[in-house]
Amino acid sequence: MEDYLQMLLQMIEFTPDVFFPSPALAIAFRVAMAGLTLVYSDIAYAAIDLIRSILAHDCLAPSSQPPPPKFPIYAAAIRPVVESEGATLTGYLMSGLVGDFPEESVHMVVTIFRVLASLWPTQLLAWLPPAVQQLPSAAAPDAAKAAFVADINKSVTYQPRAV
């Protein structure tokens, strides 16, 4: 599985025209999510890296206008995958954060949540409470769960005022 995930990471970098529009994108995303459930840290790290690479790809928030010609195609392929798998992904990420994710992967998980909050804010606010409630109380007491969800809700819905 780790070799497959590493190959996909190379495809994103060197052959995005093959990777993103492919019908196999959804399957690759699910494989990466399955990697999040494994205790073997190298596989979990590769899975987190792949998911971060997909979600943080420039096609979803292009910095240049007009965006490169293929970016709308890539984004159109990524969005439905995230929208259909987002709830499961959120649950796996939360479980891994309080569980067995390698410590050096936390910054990538934070990036994933930032992207989700930025590009799918409404969905993230729907996905997060059930994911947090499924965490074991020994790892996350109920009061901490409620405070975390409230803080995320406040952060995601916060709109800075014009000065």
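Residues numbered from 1 in each chain as written. Predicted model: local features only at pLDDT ≥ 70, side-chain atom pairs only at ≥ 80, totals over all residues. Heavy atoms only, no water.

Caption draft 1: Broad picture of the environment of Ile152. Counting through the fold element by element, Ile152 comes out in helix H8 (residues 142–157). Ile152 sits 51 residues away from Phe101 along the chain, and the two C-alpha atoms are 21 Å apart. When neighbours within four sequence positions are excluded, Ile152 is seen to be in contact with Leu125 and Leu128. (Helix = DSSP H or I, 4+ residues; strand = E, 2+ residues; numbered from the N terminus. Contact = heavy atoms within 4.5 Å.)

Caption draft 2: Structural detail: the confidence of the model for the protein chain. Here the protein chain averages 93 in pLDDT, while 97% of its residues score no lower than 70. Ranking the elements of the protein chain by mean pLDDT puts H8 last, at 91, and helix H3 (residues 24–35) first, at 97. (pLDDT = per-residue confidence, 0-100.)

Caption draft 3: Molecular detail of the layout of surface pockets. The space that makes up the largest pocket amounts to roughly 150 Å³. What lines the largest pocket is Met94, Leu97, Phe113, Arg114, Ala117, Leu124, Leu128, Phe148, Ile152, Ser155 and Val156. Going through the elements one at a time, helix H5 (71–98), helix H6 (106–119), helix H7 (121–133) and H8 are the ones with two or more residues in the lining of the largest pocket. Per element, the largest residue contribution to the lining of the largest pocket is four residues, and it comes from H8. Grouping the amino acids of the lining of the largest pocket by side-chain chemistry returns nine nonpolar, one polar and one charged. (1 Å grid on protein atoms, 1.4 Å probe; cavity = no way out; pocket = protein on both sides within 12 Å on 5 of 7 lines; lining within 4 Å. Points joined across faces, edges and corners; volume = space filled by probe spheres on them. Nonpolar A, V, L, I, M, F, W, Y, C, P; charged D, E, K, R; others polar.)

Caption draft 4: A look at H6. The end-to-end C-alpha separation of H6 is 20 Å, in line with the 20 Å expected for 14 residues at 1.5 Å each. Looking at the buried positions of H6, the neighbouring elements they touch are helix H4 (41–55), H5 and H7. (Expected span 1.5 Å × (residues − 1).)

Caption draft 5: Just the packing of aromatic side chains, in detail. A full pass over the atoms with the stated rule returns three aromatic pairs. Ring centres 5.2 Å apart and planes at 75° place the aromatic pair Phe19 and Phe20 in the edge-to-face group. A residue is classified by how much of its surface remains accessible, and Phe19, at 3% relative accessible area, is buried. Among the aromatic side chains, those forming a connected cluster through ring pairs are Phe19, Phe20, Phe71 and Tyr74. (Phe/Tyr/Trp six-rings, centres within 6.5 Å; stacked < 30°, edge-to-face > 60°. Buried < 20%, exposed > 50% of the residue type's maximum accessible area, 1.4 Å probe, protein only.)

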